[in-house]
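Topology and contacts: notes
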Amino acid sequence: MQASRQLSSSQDSKEPDSKPLVVIVGAGLAGTILGRTLESQGISIQIWDQPNLGSASQVAAGIWCPINFHRLIPGWRAEEAVHKMLDFFAEEERNFEIPLMHLVPYWKPLQEEEQVAHWRRKMEEYPDWLDISEGDQEAQAMKRICQHWDVKAWGIVKASGWLNVEQYLQACHAAWALKGCFVQELYQESTVSDVFGEGHSKMIVDARGFYAWKEQQSLSAMRPAQGELVEFELEGWPQNILFKKELFIQPLGGQRFRAGATFEWDRLSPVPTEEGKARLNADLHKMLGPWWPKVKNLTYKAGIRPSSHDRRPYVGADPKSSNRFVFNGFGAKGVLLAPMMAEELTKFMIHHQPLHPEAAVGR
Ligand SMILES: Cc1cc2nc3c(=O)[nH]c(=O)nc-3n(C[C@H](O)[C@H](O)[C@H](O)COP(=O)(O)OP(=O)(O)OC[C@H]3O[C@@H](n4cnc5c(N)ncnc54)[C@H](O)[C@@H]3O)c2cc1C
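In this text, all values refer to a predicted model and were calculated from it rather than measured experimentally. (Residues numbered from 1 in each chain as written. Predicted model: local features only at pLDDT ≥ 70, side-chain atom pairs only at ≥ 80, totals over all residues. Heavy atoms only, no water.)

Let us now look at the packing of aromatic side chains. If you walk through the whole model with that rule in mind, you get 19 aromatic pairs. Ring geometry for Phe69 against Tyr106: centres 4.9 Å apart, planes inclined by 85 degrees, an arrangement best described as edge-to-face. Of this pair, Phe69 sits in the loop between β4 (67-68) and β5 (73-74) while Tyr106 sits in strand β7 (residues 106-110), placing them 37 residues apart in sequence. Among the residues examined, Tyr106 registers a relative accessible area of 4% and is labelled buried. Chaining the aromatic ring pairs together yields one cluster made of Trp107, Trp149, Trp154, Trp237, Phe243 and Trp291. Lying over the aromatic face of Trp76, Arg77 brings its terminal NZ or CZ to 5.2 Å of the ring centre. The ring of Phe263 has Arg305 sitting right over it, with the charged end atom 3.7 Å from the ring centre. (Phe/Tyr/Trp six-rings, centres within 6.5 Å; stacked < 30°, edge-to-face > 60°. Helix = DSSP H or I, 4+ residues; strand = E, 2+ residues; numbered from the N terminus. Buried < 20%, exposed > 50% of the residue type's maximum accessible area, 1.4 Å probe, protein only. Lys NZ or Arg CZ within 6 Å of the ring centre and 35° of its normal.)

Rendered as structure tokens:
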């Protein structure tokens, strides 16, 4: 597979006028992935992050799944995005010499014959991504684990998995701290100007996630969605699959799991709420049936997704200023979409190549 991070400057692209320096505000997943992409092109960055603010990335499960579970169709630009993402994080694994990705399939119990028939039809359309499991050994083993439901077959999404977001962010931030380009403070415009000498084109990228909407309402079309999830221990539950029913259940290693996530548009709380906990407990109880009493050591987490009204990111030039850019709106799909969009924003900023119109900031 061709390494997607090797951004070729095509012959017809224009070269930058002077050596660019890019300030990124926000080092959640979005800002961090963009920073790494810019650096891979030899571009100097300075990245600001106020860790006490909290972030969506601190709670993200890190799962990618190119298929929409309700409609069984690919998400926005999913095919391109999944290849870019796999290339990007494979290269990051080599750079940091740590495993970051867990390539695990999603398993969903299909309890109605019509559901099975629908899955089969979609499987013919998307054979690389979808599969079904019925009589084989794995399906039988899963059936024994889930005896409390009448499972006709298991719908499988093959091209899914999860990224260890916490470890990835830690690795990048530690590398930047060593290099001296990571400022762990609230962004101050006046301080930034000091680090830029003459002859540099200064660019600023707003990657503040939900805070871009909260503080300035600058992305007024953003539709932030609060989410809560729960981590717990459960002996005997499978560790080799992502499980999907009312919630996802994600294996974290050992006997540890993560389940979630809720979606709440009217209660934008960055901390777990009683309503969120009750909802997670009820859904988990319903899903796990006889396994529920064995669940131990529950820890609840919450964050605010920087979502958009049409589930597409905001990536491009800030309409109000010539040297400012926006990298935001990744909603529930930061892991899948940010590597592809970071590559495209880099090409736009440095080589003036056009951006995807459906991600336009002012739409
Ligand atoms: C419960 C939950 C589960 C999720 N699960 C998944 C999942 O499984 N897969 C997936 O792909 N995505 C998931 N997401 C979504 C994912 O978290 C987001 O897509 C992604 O983290 C967005 O990253 P971001 O960098 O845009 O925003 P954030 O992570 O919110 O980062 C913004 C950063 O900007 C900083 N900041 C803001 N203002 C300033 C300022 N003035 N100065 C300096 N710094 C500033 C903040 O401190 C913060 O670190 C989940 C989200 C939630 C809430």
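Here the focus is a positive patch on the surface. Together, Arg71, Arg223, Arg311 and Lys333 make up a positively charged patch on the protein surface. Among the secondary structure elements, Arg71 is positioned in the loop between β4 and β5. (Patch = residues over 30% accessible without salt bridge, like charges linked within 9 Å, V, L, I, M, F, W, Y side chains within 5 Å. Areas by Shrake-Rupley, 256 points an atom, 1.4 Å probe, with all protein chains shown as cover. Salt bridge = Lys/Arg side-chain N within 4 Å of Asp/Glu carboxyl O. Lys, Arg positive; Asp, Glu negative; His and termini not counted. Charge placed at Lys NZ, Arg CZ, Asp CG, Glu CD.)

Turning to the site of the ligand, a few remarks are in order. Inspection of the region around the ligand gives 37 residues, with Asp49, Gln50, Ser57, Ile63 and Gly331 positioned closest. Between Ala30 and the ligand, the recorded distance is 3.0 Å, taken from a backbone N or O atom to an oxygen atom. Interatomic distance of 2.7 Å between a side-chain N/O atom of Asp49 and an oxygen atom of the ligand. Protein coverage of the free-state accessible area of the ligand, which is 1000 Å², stands at 97%. For the shell around the ligand, the leading source of residues is strand β13 (residues 225-233), giving three residues. Taken together, the residues of the shell around the ligand break down into 19 nonpolar, twelve polar and six charged. (Near = heavy atom within 4 Å. Polar contact = N/O pair within 3.5 Å; in protein donor to acceptor, adjacent residues only side chain to side chain. Nonpolar A, V, L, I, M, F, W, Y, C, P; charged D, E, K, R; others polar.)

The pLDDT averaged across the chain works out to 90; a share of 91% of its residues lies at or above 70. Overall, residues 1-14 carries pLDDT values under 50, and its contacts beyond four positions in sequence, including any with other chains, amount to 33 contacts. (pLDDT = per-residue confidence, 0-100. Contact = heavy atoms within 4.5 Å.)

Bringing the domain arrangement of the chain into the picture now. The domains assigned to the chain are domain 1 (19-62 + 165-221 + 310-359) and domain 2 (102-161 + 223-305). With centres defined by C-alpha atoms, the gap from domain 1 to domain 2 works out at 31 Å. At the interface, ten residues of domain 1 touch 14 residues of domain 2. With both chains or domains summed, domain 1 and domain 2 bury close to 940 Å², and 69% of this area falls on carbon and sulfur atoms. Counting the surface domain 1 buries against domain 2, the share from its top three residues, Val59, Ala61 and Phe210, is 53%. Linking domain 1 with domain 2 are zero salt bridges, by the criterion used here. Taken together, the links from domain 1 to domain 2 amount to two residue pairs in polar contact (both at pLDDT 80 or more). When grouped by side-chain class, the residues that make up the side of domain 1 that touches domain 2 number eight nonpolar, two polar and no charged. (Domains from an automatic or database assignment. Buried area = accessible area lost by both parts, 1.4 Å probe.)

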